[in-house]
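A structural walkthrough
Now for the letters of each chain:
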Amino acid sequence: MIKINPVEILNLISEDGYADLTGIISEDQVEIINEKIKFAMEQPHSNGQRGYVKQGCQRYLADTLSYGKEIIDVYTNPTLIEIAEKYAEDLVHLSNYRIYSTYPSEDFKMWWHLDNKIDTYDFEKKTFIQQVVPDDKGLIFLMYLTDVVDGGVQLVKGSHKWSRKHDQESFDHMEDEFMDDIVTFNNCPKGTFVVYDYATIHRAKPYNGGQVRTSMFGQLSPSRMPAGEPILLNVRDLNHLTKKQKQVLNFGNEPTTLNWPIGTLEEFLPPVKEEVSFIKKLRRLFQ
Ligand SMILES: O=C(O)CCC(=O)C(=O)O
Ligand SMILES: [Fe+2]
């Protein structure tokens, strides 16, 4: 475990928009987490089958926080929370969280964006609605659970100082202007832990070959902002939580959106090729 100086980290985040906290979570804890999620990351979530929900080229572990106390302990790490509360100048809670695997892809790419926004699920339209809030100030952390060669997180250094002036979520059209300030976390070992002001423009670097990247993501928002996603825990862990952990995990508060993503039935449909041969067989039967 490394010694972290919260004041130093706060200065770095204020200046650059991000800081490297690698070492805050031990290698052993990363291994335990990987072991606990291993089987679920290989099968779609359905009824009692514990697994992932698919979205584009990513697999999101359903009910992420229910897999082990070690996962809760990352999201509520005391040093991380201390830094987040000082930075947000408020108490913080976990508003968004996920463990997900990103697959190399020709078809899907994440756009440059920021996350100082309110997400709400519209039950009638069955869609997430986003509202950018310039005053929303908090932190996101991203920890790699696999070694990452390509497809790492990219941040635009210092952009938290000017992004709030633009009332928009997507920044792809301005890429030429901030090209020289892009910092990429490629070629980083598992356990790499990056924390950033979520008004810092960022994305996952698009890549179309190489290894799958599994990451753990958490957004810590000031208590003046809405609660965020539902937090579903395993009763096994409830008696072992401190008062501070319960605060961060939003005990007693109504969620204000749903867990993202919702997913589709796509995973359960036969691949197109099989479907075609199946229909051919049917045709032959009836000819
Ligand atoms: O996976 C990444 O590198 C970034 C993820 C992200 O920006 C998000 O989920 O909002
Ligand atoms: Fe993001």
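Refer to the structure above for everything that follows.
In what follows, the accompanying structure is described. (Residues numbered from 1 in each chain as written. Chains lettered and ligands numbered in written order. Predicted model: local features only at pLDDT ≥ 70, side-chain atom pairs only at ≥ 80, totals over all residues.)

1. Quick look at the overall build of the protein
Of the regular secondary structure elements, the protein holds 8 helices and 12 strands. For 287 residues, the compact-globule estimate of 2.2 N^0.38 gives 19 Å, and the protein sits close to it at 20 Å. Reported as C-alpha extents along the three principal axes, the dimensions of the protein are approximately 75 × 50 × 40 Å. Residue burial in the protein is summarised as follows: out of 287 residues, 35% are buried. Excluding contacts between residues fewer than 6 apart, the proportion of contacts in the protein whose partners are at least 24 apart in sequence is 82%. (Helix = DSSP H or I, 4+ residues; strand = E, 2+ residues; numbered from the N terminus. Rg over C-alpha atoms; globule rule 2.2 N^0.38 Å. Buried ≥ 20, exposed ≤ 12 C-beta atoms within 10 Å, placed from the backbone. Contact = placed C-beta atoms within 7 Å.)

2. Let's talk about the site of ligand 1
Around ligand 1, the surrounding shell consists of Asp115, Leu142, Val153, His202, Ala204, Ser215 and Phe217. Mapped onto the shell around ligand 1, the elements with two or more residues apiece are strand 11 (202-204) and strand 12 (213-222). Taken together, the residues of the shell around ligand 1 break down into 4 nonpolar, 2 polar and 1 charged. (Near = placed C-beta within 6 Å. Nonpolar A, V, L, I, M, F, W, Y, C, P; charged D, E, K, R; others polar.)

3. Some points on the sheet that holds strand 2 (residues 52-55)
Strand order in the open sheet formed by 7 strands is 1-10-7-12-4-3-2, with antiparallel pairing between adjacent strands. What marks the edges here is a single partner per strand, and that holds for strand 1 (18-20) and strand 2. Averaged over all adjacent pairs, the angle separating strand axes in this sheet is 25°, with direction ignored. In this sheet, strand 10 (residues 193-197) lies alongside strand 7 (residues 139-144) in antiparallel orientation, the contact comprising 5 bridges. By the bridge assignment for strand 10, leucine 142 is matched with valine 194. Docked against the sheet, helix 4 (residues 78-88) engages strand 4 (92-102), strand 7 and strand 12, running at close to 120° with respect to strand 4. (Pairing = 2+ DSSP bridges. Axes fitted to C-alpha atoms, helices over the stretch in contact; angles between N-to-C directions.)

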